[in-house]
Amino acid sequence: MRIARKVRKLAPYIHGEQPRGRDVIKLNTNEAAYLPSAKAMAVLKKFNPENLRRYPSAECVDLCAALAKLHRTTPDRVFVGNGSDEILSLMTDAYVEDDEAIVTLDPSYSLYRTLADIRGVKWLGFSWGGLRRKTGGKAALALITSPNNPTGVQIPPKEIAAFAKRFPGVVVVDEAYVDYADVDCMALATAKANRNIIVMRTFSKAYALAGLRVGYCVGPKDLVEALYKIKDSYNVDAIAQAVALAAIKDQKHLKGLVAKVLKTRTWFVAELEKRGWDVMPTQANFVFARPPCAKTAKADAKRVFEGLRERKIFVRYFSGPKTCDRVRFSIGTDAQMRRVLKEVDAILG
Ligand SMILES: *Cc1c(COP(=O)(O)O)cnc(C)c1O
C-alpha cells in the first residue's frame, strides 16, 4: 500500500506500558491512585440510551458552561477536546505556519516532539532558563508543562507571565498536574489583557478519568475560536461529556483525592531521602528521583526500573541524556508505595 512519505519517516510516540492483569502495580503513567467521583459514576450507570442514539453536543455546551463557571470566565473562552492530547494536536495546526517552530521544555512531555514531527515543523527543547531567552525567531508556539513532567517542578506563574509578554507566539501552559500543586496559571488565561496565554487542563489525572478522554483549555476568544474551526465535528462523545460534567460538580471528591495523594507523596519523598536518593521538588503526583550513589546512578536507575518490572511493579525510566540517572514513580496508595520501597531496598541491596 502507498503511505505518504511524511508518515513513512515518522517515529511513533512511545507511551507508558499498559500492563494487563490484576496483580500489577501501575505507577508509570501518573494516573490517579483512587477511583473517580461516585457521583460521576452514578451518571454513567444511569446514562440514557436515547442520548447515544443522537449525536452529542458538538460544542460541549453544558460542559463549557460548567468549566467557565468553575474558572470564573465565559464559555466562549473554553474549548473541550478528546483528551488534552487532541487539543495539543489541534494547536500545532491552528497556531503554527509550515516554516515556524514549536518550543518546549526539555526534558518534558515527549508527545510534544512527536506532534511537531507529525505537523512537519521544527521542535526545539530548552531548560526554563534557555526558553526564557528564546523570544524571537521562528518560534510560534511554546508548550510549557507546569508542573513539568517528568520532573514535577513547577514554574512560578509570574515568570510565565513575563515570558509571554516577550514571546511572539502563543504560550500554552499545560497544567495536567496542577491539582496537586500550590499555585496555578488560570488567572493568566482568563485575564482579558493577556492576548497569547492559554492554560490547558485534563480529567485524566486528579479527576481519575484517564479512560474517559476529556481535556480542555481556557484562553483568549480568538485563539479558542481557531480550535473550533478545525476540530472534528463531534470530538467529545456523549458519555464523556455527561461524566465529566458530573465530575466537575464534585469538587469535594477531587480535593479529597488530592489530599490523600499529597500525604502519601510527602511520606514517600521523606523515605527516599532517608535512603540517600535525590528527589526533585515535586508539585505533581509523581517524583523524579536519583539513586543514592552519584557515580552509579544511571546503572542503578535502570536496575531499579527493570527489577521492579520483574516484580510486576511498573514505573518509568527515560533513557535520554538529561533523564537517564533518575526513575519516575507515580504516587499510588500507601500500601503500593510501601511495597515499592521494600522492593527498591531489595534491588539495591
Ligand atoms: C498526562 C498528561 C496529559 C494528559 O493528556 P490527556 O490526553 O488529557 O490524557 C497532558 N499533558 C501532560 C504533560 C501529561 O503528562
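Look above for the structure.
Residues numbered from 1 in each chain as written. Predicted model: local features only at pLDDT ≥ 70, side-chain atom pairs only at ≥ 80, totals over all residues. Heavy atoms only, no water.

This paragraph deals with the nonpolar core. Among the nonpolar cores identified, the biggest contains 78 residues, and F203 and F329 are the most heavily contacted of them. Counting 25 residues, the second largest nonpolar core, distinct from the first, contains Y95, L143, V172 and V224. (Core = buried A, V, L, I, M, F, W, Y, C linked by side-chain atoms within 4.5 Å. Buried < 20%, exposed > 50% of the residue type's maximum accessible area, 1.4 Å probe, protein only.)

The next thing to look at is the site of the ligand. Around the ligand lies a shell of 14 residues, among which S84, Y177, T202, S204 and K205 are the nearest. Y177 places a side-chain nitrogen or oxygen 2.6 Å from an oxygen atom of the ligand. In the environment of the ligand, an oxygen atom lies 3.4 Å from a nitrogen or oxygen atom belonging to the side chain of K205. Coverage of the ligand by the protein amounts to 94% of the 390 Å² it exposes when considered alone. For the ligand, the cavity whose grid points lie within 2 Å of the majority of its atoms is the largest pocket. (Near = heavy atom within 4 Å. Polar contact = N/O pair within 3.5 Å; in protein donor to acceptor, adjacent residues only side chain to side chain. Areas by Shrake-Rupley, 256 points an atom, 1.4 Å probe, with all protein chains shown as cover. 1 Å grid on protein atoms, 1.4 Å probe; cavity = no way out; pocket = protein on both sides within 12 Å on 5 of 7 lines; lining within 4 Å. Sits in = over half its atoms within 2 Å of the grid points.)

Time to look at the pattern of salt bridges. Pairing between side chains of opposite charge can happen when their charged atoms approach one another. Evaluated as defined, the whole model comprises 21 salt bridges. In this structure, D278 engages R326 in a salt bridge whose closest nitrogen and oxygen atoms are separated by 2.6 Å. One end of the pair, D278, is in strand β9 (residues 278-279); the other, R326, is in the loop between β11 (313-314) and β12 (327-330), with 48 residues separating them in the sequence. Classification of D278 as partly exposed rests on a relative accessible area of 32%. A salt bridge links R339 to E343; the nearest nitrogen and oxygen atoms lie 2.9 Å apart. Residue R339 and its partner E343 are located together in helix α14 (residues 334-348), separated by 4 residues, close to a single helical turn. (Salt bridge = Lys/Arg side-chain N within 4 Å of Asp/Glu carboxyl O. Helix = DSSP H or I, 4+ residues; strand = E, 2+ residues; numbered from the N terminus.)

On to the packing of aromatic side chains, then. Across all of its chains, the model carries 12 aromatic pairs by this definition. On the numbers, 5.4 Å between centres and 85° between planes, the contact of Y109 with Y112 is edge-to-face. Given the relative accessible area of 21%, Y109 is considered partly exposed. According to the relative accessible area criterion, Y112 is buried, its value standing at 1%. One aromatic cluster is present, formed by Y13, Y109 and Y112 through successive ring pairs. Sitting over the face of the ring of Y34, K260 holds its NZ or CZ atom 3.9 Å from the ring centroid. Its end group placed over the ring of F286, R328 keeps NZ or CZ at 5.6 Å from the ring centre. (Phe/Tyr/Trp six-rings, centres within 6.5 Å; stacked < 30°, edge-to-face > 60°. Lys NZ or Arg CZ within 6 Å of the ring centre and 35° of its normal.)

Our focus in this paragraph is the layout of surface pockets. Quantified by volume, the largest pocket comes out at close to 1,200 Å³. Forming the boundary of the largest pocket are 45 residues, of which Y13, I14, Y109, S110 and R316 lie nearest the centre. Sorting the residues of the lining of the largest pocket by element identifies α5 (84-94), β3 (101-105) and α6 (111-119) as the ones contributing at least two each. With 4 residues, α6 is the largest single contributor of residues to the lining of the largest pocket. Broken down by class, the residue content of the lining of the largest pocket amounts to 16 nonpolar, 18 polar and 11 charged. Empty space within the second largest pocket amounts to approximately 410 Å³. Lining of the second largest pocket is provided by 20 residues; of these, H71, D179, D184, R201 and Q251 occupy positions nearest its centre. Of all elements in the fold, only α9 (186-190), β7 (197-202) and α12 (251-274) reach the threshold of two or more residues within the lining of the second largest pocket. Broken down by element, the residue count for the lining of the second largest pocket peaks at 4 residues, all from α12. Its residues assigned to classes, the lining of the second largest pocket comprises 10 nonpolar, 4 polar and 6 charged. (Points joined across faces, edges and corners; volume = space filled by probe spheres on them. Nonpolar A, V, L, I, M, F, W, Y, C, P; charged D, E, K, R; others polar.)

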